[in-house]
Amino acid sequence: MSNRPDFSLTQLLYFATIAETESISEAAMRLHASQSAVSSAMQRLERQLGVQLLLRQRAKGVVLTPNGRLLLNDVRKILRQAQDLKDSSSLLQEMATGHLEAGCCSTITPFLMPRSLARMEVTHPRLHVSVHDTQTPFDLLRNGVCELVVTYGFSSAEDIVFTELATPPLSALVSEAHPLAGEPSASLADFTDLPLLMLSLPHTGAHHAYAQRIFAHSGIPMPRVIHATGLESLRGLVSAGVGFMLTHQPHSAHTLDGGRVARVPIADDHPALPIGVLTMAGVRPSRRAEFFIDALRVAARQVYEPVRGALYELDAPPPPVRQVRPHRVLGLA
């Protein structure tokens, strides 16, 4: 009896794509294949493995069976290994080719990713990076969708490795009409007469706990919190004078509704919040991931240079890149 598998990598790719899209028709469109070909390939795969992988629901598309969910992580590992094998000849020549799936926290993406991807186009034009803008970075990493994710260093876990890129300074984002707009710095207590505006995320616990830690460290009661579901919605509320934001990002002065905001650095001592790259512990990053992390480091130095006394405009020329001393990172509970 032969130990050679009866199924193909193409069948595994079809299965992984169906699992991601929850639809055979949408998977077929993404794979540039006919719906009948994808459906037939899945039926053959189920026969070859001797288990049912998909539940076909006429009104709701398809869902994975318990056996399908168990198989999915192994399938993704096999597909990633196949991609690594395909790229091995180029890697031996120190050239990066192929495809990299990377995740990024949605509040970091518009600030860090444009420069990182632009640098990759220059340094490794044959390496294509797909960025998943997400509010659940840990899920993308642990489910095998992405090889790395960029997020905040709120906490640590035994199965995750965090590599710091930068620890940006903390600032308050206020309306241009605020009395402290344009000041080189201010105390946290100067803004607590306004509500604190925060994103409403699927997992807000870490963000809220960090905000509480900041106010507790300064001995100031945390103000009333108003949540919104989008970053630009929060910025619009700030420009209207509804409240203030705490941010580590170099926001543009202009909001989508035509308003203006100002960034005022916080002078008080407070717990640091690093921004970095998460990878799975015990899994060596591919050369593609290493090249992209190098690009992220360069972009982080450009984006997160401390700016005192003036708002950093995203459409202005980038500041010159210079070496900066490593930031001291305080542990977070």
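What counts, and where the lines are drawn
- Starting from 1, residues in each chain are numbered consecutively following that chain's sequence as written.
- In keeping with the predicted nature of the model, local features appear solely for residues at pLDDT of at least 70, side-chain atom pairs appear and are counted solely at 80 or more, and the whole-chain, interface and lining totals rest on all residues.
- The basis for every side-chain value is the complete set of non-hydrogen atoms in the structure, without hydrogens or water.
- Per the convention used, a helix needs a DSSP run of H or I reaching at least four residues, while a strand needs a run of E reaching at least two, with both numbered from the N terminus.
- For the exposure calls, accessible area comes from a 1.4 Å probe over protein chains only, and a residue counts as buried if that area is under 20% of its type's maximum, exposed if over 50%, partly exposed in between.
- Contacts are residue-level and defined by heavy atoms, with any inter-residue pair within 4.5 Å sufficient.
- Every case where a carboxyl oxygen of Asp or Glu lies within 4 Å of a side-chain nitrogen of Lys or Arg is listed as a salt bridge.
- Working definition: a ring pair exists when centres of Phe, Tyr or Trp rings (six-membered ring for Trp) sit within 6.5 Å. Plane angles under 30 degrees give stacked, over 60 give edge-to-face, the rest tilted.
- In this analysis, strands are considered paired if DSSP registers two or more bridges between them.
- To get an axis, fit a line to the C-alpha atoms, keeping to the stretch in contact for a helix; angles then go from 0 to 180 degrees between the N-to-C directions.
- By this rule, a helix spans an expected 1.5 Å times one less than how many residues it contains.
- Each angle is binned into one of four classes, with values under 35 degrees roughly parallel, values over 145 roughly antiparallel, values of 65 to 115 roughly perpendicular, and all other values oblique.
- Under the convention adopted here, Pro, Cys and the residues Ala, Val, Leu, Ile, Met, Phe, Trp and Tyr are nonpolar, Asp, Glu, Lys and Arg are charged, and Gly plus all remaining residues are polar.

Draft legend 1. Main features of unusual backbone geometry. One non-glycine residue, E22, adopts positive backbone phi at about 60°. You can see E22 is positioned in the loop between helix 1 (9-21) and helix 2 (24-31).

Draft legend 2. Up close: the side chain of T151. Mapped onto the secondary structure, T151 falls in strand 5 (residues 148-152). Using a relative accessible area of 4% as the deciding quantity, one classes T151 as buried. Contacts of T151, omitting those with residues within four sequence positions, involve C105, I108, P137, F162, P274, I275, G276 and L278.

Draft legend 3. Structural view of the pattern of salt bridges. By the definition in use, this model includes 8 salt bridges. The shortest N-O distance in the salt bridge between E26 and R30 comes to 4.0 Å. On the criterion of helical spacing, the pair formed by E26 and R30 is a turn pair, its members being 4 residues apart in helix 2. Relative accessible area serves as the criterion here: at 38%, E26 is assigned to the partly exposed category. Residue classification places R30 among the partly exposed positions, given a relative accessible area of 44%. The residue D159 makes a salt bridge to R142 at a minimum N-O spacing of 2.7 Å. In this pair, D159 sits in the loop between strand 5 and strand 6 (160-166) while R142 sits in helix 6 (residues 137-142), placing the two residues 17 residues apart along the sequence. For D159, a relative accessible area of 28% puts it in the partly exposed group. Several salt bridges converge on common partners, so that one network encompasses E20, E26 and R30.

Draft legend 4. Spotlight on the packing of aromatic side chains. All chains considered together, the criterion is met by 3 aromatic pairs. Arranged with centres 5.7 Å apart and planes meeting at 45°, the rings of Y152 and F154 form a pair that is tilted. Arranged with centres 6.1 Å apart and planes meeting at 65°, the rings of F154 and Y210 form a pair that is edge-to-face. Taken together, the residues F154 in the loop between strand 5 and strand 6 and Y210 in helix 7 (residues 205-218) connect sequence positions 56 residues apart. Site record: aromatic cluster; members linked through ring pairs are Y152, F154 and Y210.

Draft legend 5. Inspection of the sheet that holds strand 10 (residues 245-247) at higher detail. Strand order in the open sheet made by the 3 strands is 10-7-11, with antiparallel pairing throughout. One side of each edge strand has no neighbouring strand; the edge strands of this open sheet are strand 10 and strand 11 (261-265). Between one strand axis and the next, the sheet turns by 35° as a mean value, whatever way the strands run. Across the face of the sheet, helix 8 (residues 231-239) comes into contact with strand 7 (171-175), strand 10 and strand 11 while running at roughly 60° to strand 7.

Draft legend 6. Geometry of helix 9 (residues 287-303). Look at helix 9: 24 Å from first C-alpha to last across 17 residues, which is about the 24 Å you get at 1.5 Å a residue. Among the 17 residues that make up helix 9, 12 are buried, leaving the element largely enclosed by the rest of the structure. For helix 9, the set of buried residues is R288, A289, F291, F292, I293, A295, L296, V298, A299, A300, Q302 and V303.

Draft legend 7. Representation of the packing of helix 1 against helix 3 (residues 35-49) within the structure. It is at 9 Å that the axes of helix 1 and helix 3 come closest, and there the two elements cross at 110°. Taken together, helix 1 and helix 3 sit at an angle that is classed as roughly perpendicular. Listed contacts from helix 3 to Q11, L12, Y14, F15 and I18 of helix 1 are A37, V38, A41, M42, R44, L45 and Q48. Classifying every residue of the contact of helix 1 with helix 3 gives 9 nonpolar, 2 polar and 1 charged.

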